[in-house]
Amino acid sequence: VGAHEGQELPLYRAMGFRHILLVEANPAVFARLNASVAGDSGLELALCAVGESDGLATLRLTTFDQSSSLLPLKLHREVYPEIEECGTLSVPARRLDSLLAERPGGVGDFNLLVLDVQGAELQVLRGAEGSLAGFDAVLSEINFAELYEGCALAPELDAFLADRGFRRVATACFHHPTWGDALYLRPAPAQPAAGRDSEAGTLA
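Only a predicted model underlies this, so the values are computations on that prediction, with no experimental measurement involved.

Peer 1: Quick one: what's the story with the overall build of the chain, residue by residue and with numbers?
Peer 2: When helices and strands are tallied, the chain shows six helices and nine strands. Each principal axis of the C-alpha atoms in the chain carries an extent, and together these give about 70 × 40 × 30 Å. By residue count, 41% of the 204 residues in the chain fall in the buried class. If you take every contact in the chain between residues at least 6 apart in sequence, the share linking residues at least 24 apart comes to 63%. Surface exposure of the chain reaches about 10600 Å², of which carbon and sulfur atoms provide 54%.

Peer 1: Could you give an account of the pairing of strand β6 (residues 112–115), naming the residues involved and the relevant values?
Peer 2: As paired elements, β6 and strand β7 (residues 137–143) share four bridges and run parallel to each other. Looking across to β7, one finds that Leu115 is bridged to Ser140. Handedness of the β6-helix α5 (residues 121–126)-β7 crossover: right-handed.

Peer 1: For the packing of aromatic side chains, give the residues involved together with the corresponding values.
Peer 2: Summed over the entire model, instances satisfying the criterion amount to one aromatic pair. A centroid spacing of 6.3 Å and a plane angle of 90 degrees characterise the contact between Tyr12 and Phe17, whose relative ring orientation is edge-to-face. We note Arg164 situated over the ring of Phe160; from NZ or CZ to the ring centre the distance is 3.6 Å.

Peer 1: Tell me about the pattern of salt bridges, residues and numbers included.
Peer 2: Under the defined criterion, the tally for this structure stands at 15 salt bridges. Between Asp40 and Arg13 there is a salt bridge whose closest N-O contact spans 2.5 Å. Placement of Asp40 in the loop between α2 (27–37) and β2 (43–47) and of Arg13 in helix α1 (residues 9–14) is noted, with a sequence separation of 27 residues between them. Judged by relative accessible area, Asp40 falls into the partly exposed class, the value being 29%.

Peer 1: I'd love a proper account of the environment of Asp181, names of residues and values included.
Peer 2: Relative to the elements of secondary structure, Asp181 occurs in strand β9 (residues 179–185). Those residues in contact with Asp181, other than ones at most four positions away along the chain, are Ser140, Glu141, Ile142, Ala170, Thr171 and Ala172.

Peer 1: Summarise the environment of Glu149; cite the residues concerned and give the values.
Peer 2: In this fold, Glu149 is placed in the loop between β7 and α6 (154–162). Judged by relative accessible area, Glu149 falls into the partly exposed class, the value being 45%. Linking Glu149 and Glu85, residues 64 residues apart in sequence, is a C-alpha distance of 13 Å. In contact with Glu149, other than residues within four places in its own chain, are Leu71, Pro72, Leu73 and Lys74.

Cut-offs and rules
Residues numbered from 1 in each chain as written. Predicted model: local features only at pLDDT ≥ 70, side-chain atom pairs only at ≥ 80, totals over all residues. Heavy atoms only, no water. Helix = DSSP H or I, 4+ residues; strand = E, 2+ residues; numbered from the N terminus. Buried < 20%, exposed > 50% of the residue type's maximum accessible area, 1.4 Å probe, protein only. Contact = heavy atoms within 4.5 Å. Areas by Shrake-Rupley, 256 points an atom, 1.4 Å probe, with all protein chains shown as cover. Pairing = 2+ DSSP bridges. Right-handed = clockwise from strand over helix to strand, strands pointing away. Phe/Tyr/Trp six-rings, centres within 6.5 Å; stacked < 30°, edge-to-face > 60°. Lys NZ or Arg CZ within 6 Å of the ring centre and 35° of its normal. Salt bridge = Lys/Arg side-chain N within 4 Å of Asp/Glu carboxyl O.

This is the structure:
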């Protein structure tokens, strides 16, 4: 969610992912994405924002289109003063639950959720309550300061995902200490003790 031009697609393919859904809200960026991945098998594209409700959303455009967001710039203005808001656009908005429910395979084709939505991560997750149980991992941008007005900070994201069985296991801040990427995993089920029949509860 927040696919931009699909820059990570070769990495996903190298990792063995067979079913991939790329979601991008900006129509101009989506056109470039569509052109760059045309004919790629096992790949689906969706032109919409993803959030807490179905309908319309206001996308705030910036002079560097990877910083466009559903939220206004805040500390981002100080960290990256060369990037400015340059307009707004009304775009279709979907809950991830709705978007995936319309697919023939539903959420069952996917086990990793990737979020690159410039501060709107919690909005996406709140609209994915029904889908989260199907994921083994969430890879999300994470904010340690309010780069975007009203964005969820790390403790909020951690708490929301912890309540749904995920734990943050890795964090990387490659570009600036105010934000980075975080990997959340759902712990694997405990393995039955050796020599014990896990279903019958009797010794093998």
